[in-house]
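Examination of the molecular architecture
These are the residues of each chain, in order.
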Amino acid sequence: MSPTRNLDLALTALAPAVWGSTYLVTTEFLPAGYPLTVAMLRALPAGLLLLLIVRKLPSGIWWPRTFLLGALNFSFFWAMLFVSAYRLPGGVAATVGAIQPLIVILLSRVFLGSPIRVLSIVAGIAGIVGVGLLVLTPGATLDPLGVIAGLAGAVSMAFGTVLSRHWAPPVSPLTFTAWQLAAGGLLLVPVALFFEPALPSLTVANVAGLAYLGLIGAAFTYLLWFRGLSRLEPSAVAPLGFLSPVVAILLGWGVLDERLTSVQALGILVVLASVWLSQRAQLPAKAQPVRA
């Protein structure tokens, strides 16, 4: 791989790595029981701030596209993610969501004409196995509605990932990120107001947590994510999401003093191997020598 592609991959991978800190920040710094409100406050202020910086609004066909992508990548995705998380043990929810890279491979074939590579399928399945080793517990149970919500969230993010590349916005990644965050946050406002009570008075720690999730966990990371999608194939970008549960587990071990088991250590190795395989799958086949 070229140095430029390696840099693009490294910067894009930084986004899901930072997303892995969301669990720690949410549990340690934010009031419990307001997932949709927190999601809205994570997206909308960051989107509006970026809009003030770029000073450019969508035009024409990009108004409906922006709101559709904002729903797919943020509003609907986060809503389904929270439903899944509430109705399923965390490990089951994460494992169900890990099917997203496989969906991206199929959608890339439909919308982008990308070939379906066997190695990409193997890497996607390995990633699901690795995430399962990381987070599943022996007593994990299945709730049908939770599983459906988890699958719906994975499909939503997969569509958002592929369509972001397919439509190729005529603006910079910064502007594209601003549009989607603002649109996704606006769509979450009525949902949060309807389904959740008003937030209690916020402490300094609460404000710091929300600022981190909005500025770093949303604005900065999604800028890197959409930048990566503008330069790399969706089937190369999507598997990088496997890094999120790896970072979450390592932060729990290093910061919260949670136990890291040998099975989880194996899961980390399997996930890293699956990410490596997914990138190898994108390399062009070597030209075969011509025989006289």
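Everything numeric in this text was worked out from a predicted model, so none of it was measured. (Residues numbered from 1 in each chain as written. Predicted model: local features only at pLDDT ≥ 70, side-chain atom pairs only at ≥ 80, totals over all residues. Heavy atoms only, no water.)

**With respect to the overall build of the protein chain**
- Counting its regular elements, the protein chain contains 13 helices and zero strands.
- Starting at the N terminus and walking to the C terminus, you meet the elements of the protein chain as α-α-α-α-α-α-α-α-α-α-α-α-α.
- For 292 residues, the compact-globule estimate of 2.2 N^0.38 gives 19 Å, and the C-alpha radius of gyration of the protein chain, at 19 Å, lies within 12% of that figure.
- In terms of overall dimensions, the protein chain has a C-alpha envelope of 80 × 50 × 35 Å along the principal axes.
- For the protein chain, the proportion of its 292 residues judged to be buried stands at 49%.
- Restricting to contacts in the protein chain with at least 6 residues of sequence separation, those with at least 24 account for 90%.
- Surface exposure of the protein chain reaches about 14100 Å², of which carbon and sulfur atoms provide 72%.
- Looking at the protein chain, you have 15 positive and 7 negative side-chain charges, and the mean spots of the two groups are 20 Å apart. (Helix = DSSP H or I, 4+ residues; strand = E, 2+ residues; numbered from the N terminus. Rg over C-alpha atoms; globule rule 2.2 N^0.38 Å. Buried < 20%, exposed > 50% of the residue type's maximum accessible area, 1.4 Å probe, protein only. Contact = heavy atoms within 4.5 Å. Areas by Shrake-Rupley, 256 points an atom, 1.4 Å probe, with all protein chains shown as cover. Lys, Arg positive; Asp, Glu negative; His and termini not counted. Charge placed at Lys NZ, Arg CZ, Asp CG, Glu CD.)

**Structural notes on the pattern of salt bridges**
- Under the counting rule described, the total for this entry stands at three salt bridges.
- Between E233 and R5 there is a salt bridge, with its nearest N and O atoms 3.3 Å apart. Within this pair, whereas E233 is found in the loop between α10 (204–231) and α11 (234–237), its partner R5 is found in helix α1 (residues 3–19), the two being separated by 228 residues in sequence.
- Residue D8 pairs with R231 through a salt bridge whose shortest N-O separation is 3.7 Å. Note that D8 is positioned in helix α1 and R231 in helix α10, a separation of 223 residues in sequence. (Salt bridge = Lys/Arg side-chain N within 4 Å of Asp/Glu carboxyl O.)

**Looking at the packing of aromatic side chains**
- On inspection of all chains with the given rule, the structure shows twelve aromatic pairs.
- Measuring from centroid to centroid gives 6.5 Å for F74 and F226, while their planes differ by 75°, and the two rings are edge-to-face. Here F74 is found in helix α4 (residues 62–87), whereas its partner F226 is found in helix α10, with 152 residues between them in sequence. Neither F74 nor F226 differs from the other in exposure class; each is buried.
- Through successive ring pairs, a cluster of aromatic residues spans W19, W62, F74, W78, F176, W179, Y222, W225 and F226.
- Here the basic side chain of R65 rests over the ring of W62, its NZ or CZ set 5.1 Å away from the ring centre. (Phe/Tyr/Trp six-rings, centres within 6.5 Å; stacked < 30°, edge-to-face > 60°. Lys NZ or Arg CZ within 6 Å of the ring centre and 35° of its normal.)

**Regarding the confidence of the model for the protein chain**
- With 94% of its residues at a pLDDT of 70 or more, the protein chain has an overall mean of 89.
- Below pLDDT 50 for its whole length, residues 287–292 participates in zero contacts with residues either more than four positions away or in separate chains. (pLDDT = per-residue confidence, 0-100.)

**Considering the packing of helix α6 (residues 100–112) against helix α8 (residues 144–167)**
- At a minimum axis distance of 9 Å, the contact between α6 and α8 shows a crossing angle of 40°. As the angle between them shows, α6 and α8 are arranged oblique. Note on packing geometry: the crossing formed by α6 with α8 is right-handed. Within the contact between the two elements, α6 uses Q100, I103, V104, L107, S108, F111 and L112 and α8 uses A154, V155, M157, A158, F159, T161, V162, L163, R165 and H166. (Axes fitted to C-alpha atoms, helices over the stretch in contact; angles between N-to-C directions. Parallel < 35°, antiparallel > 145°, perpendicular 65-115°, else oblique. Left-handed = near helix turned anticlockwise from the far one by under 90°.)

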